[in-house]
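Listed below are the residues making up each chain.
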Amino acid sequence: MRDLTIVEGPGTGALTGALSEALRAKRYRFDGLSGEDIEGAEVLIVYSIAEPLAPALDGLVSIAERISGRAKRMVIAVPYMGLRAGRRVSQYLAGGLDLIGADHIIVADPSSDEVTALRTPVVAISALPEIAKWISGRAGNLTVMAPPRLENRAEAFAGLLGTEPVILPTDDPRDWGKLGGSMLVWDRVTSCGELGEIGGLGAEYYVIPHVGCGEELDGLVDRVAASDSVDNPYAKASLAGPLSSVVLSL
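My aim in this report is to walk through the structure given alongside it, one point at a time. (Residues numbered from 1 in each chain as written. Predicted model: local features only at pLDDT ≥ 70, side-chain atom pairs only at ≥ 80, totals over all residues. Heavy atoms only, no water.)

**Some details on the overall build of the chain**
To be explicit about the condition: Each helix is a run of H or I in the DSSP string that is no shorter than four residues. Each strand is a run of E no shorter than two, and both are numbered from the N terminus. We take the radius of gyration over the C-alpha atoms and set the globule estimate at 2.2 Å times the residue count to the 0.38 power. Contacts between residues were defined by any pair of non-hydrogen atoms, one from each residue, lying within 4.5 Å.
Counting secondary structure elements, the chain contains nine helices and 16 strands. The C-alpha atoms of the chain give a radius of gyration of 18 Å, which matches the 18 Å a tight globule of 250 residues would have. Considered along the principal axes of its C-alpha atoms, the chain spans approximately 55 × 35 × 30 Å. Sequence separation of at least 24 residues holds for 56% of the intrachain contacts in the chain that already meet a minimum separation of 6.

**Describing the packing of aromatic side chains**
Heads up, the condition is: The rule is short: rings of Phe, Tyr and Trp, with Trp giving its six-membered ring, pair when the centres are within 6.5 Å, and they are stacked under 30 degrees, edge-to-face over 60, tilted in between. Whether a residue is buried, partly exposed or exposed follows from its accessible area with a 1.4 Å probe, protein chains only, as a fraction of its type maximum: under 20%, in between, or over 50%, in that order. By definition, being over a ring means that NZ of Lys or CZ of Arg is both within 6 Å of the ring centre and within 35 degrees of the ring normal.
Applying the stated rule across the entire model yields two aromatic pairs. Judged by centre distance (6.1 Å) and plane angle (75°), the rings of Trp134 and Tyr205 are edge-to-face. Here Tyr205 lies in strand E13 (residues 205-207) and Trp134 lies in helix H6 (residues 128-139), a separation of 71 residues in the sequence. When sorted by exposure, Trp134 lands in the same class as Tyr205, which is buried. Centre to centre, the rings of Trp176 and Trp186 are 6.1 Å apart; their planes meet at 75°, and the pair counts as edge-to-face. Taken together, the residues Trp176 in the loop between strand E10 (165-167) and strand E11 (182-185) and Trp186 in the loop between E11 and strand E12 (188-189) connect sequence positions ten residues apart. Judged by relative accessible area, which is 7%, Trp186 ranks as buried. In this structure, Arg149 is placed above the aromatic ring of Trp186, and the distance from its NZ or CZ to the ring centre is 4.7 Å. Taking NZ or CZ as reference, Lys236 lies 5.6 Å from the ring centre of Trp134, over its face.

Laid out in structure tokens, this is it:
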């Protein structure tokens, strides 16, 4: 994509700001967009999706409708999916995204259900390599731990640090006890309440690429390593680099 126009969805100000600078692209907020802004342009919509799902999808569809027919090309980046999406929810989400008619959809660290349900061409990126760069000089000697459902991601992250992960016995944090002397790999949190519960496990660091909490919880701001997939005070790494690379290749 060249001569790019970026449309900033709700809660993506930090990421779209970094993207605009990296790509030297014009940037418009979703609620200040006019038809003239995107006439004949190649448009990247950056839109994070969280519960409640239906209004979030409606908001994205509303933006896309203003762009469709005017833009030369439309790509949607969904850096954050703040959902615990089972197969049925994933199919509903995919159906809504497919109906928009984008040329491509870029997603960050999606579950397999979220990807396989989509018919629109999908490109997946990950926040973990960028987070590994930040954490390697601070906690590279700590044991990497993760639940069984995240074994593959934990292996990939530990590999970036030159170590091997320890897989916890179950997926339920209530079974683990305290995790002192370790860093815990988690995929996403969808609320400050969930972040507080995970943060109470006693790990030295928490590698949580996608954090849907806008509050600074006591003792966690410096110990949670997140990305800027949705605006949050725990972001230590940006998705602007990997997202820019994909956009330039499309």
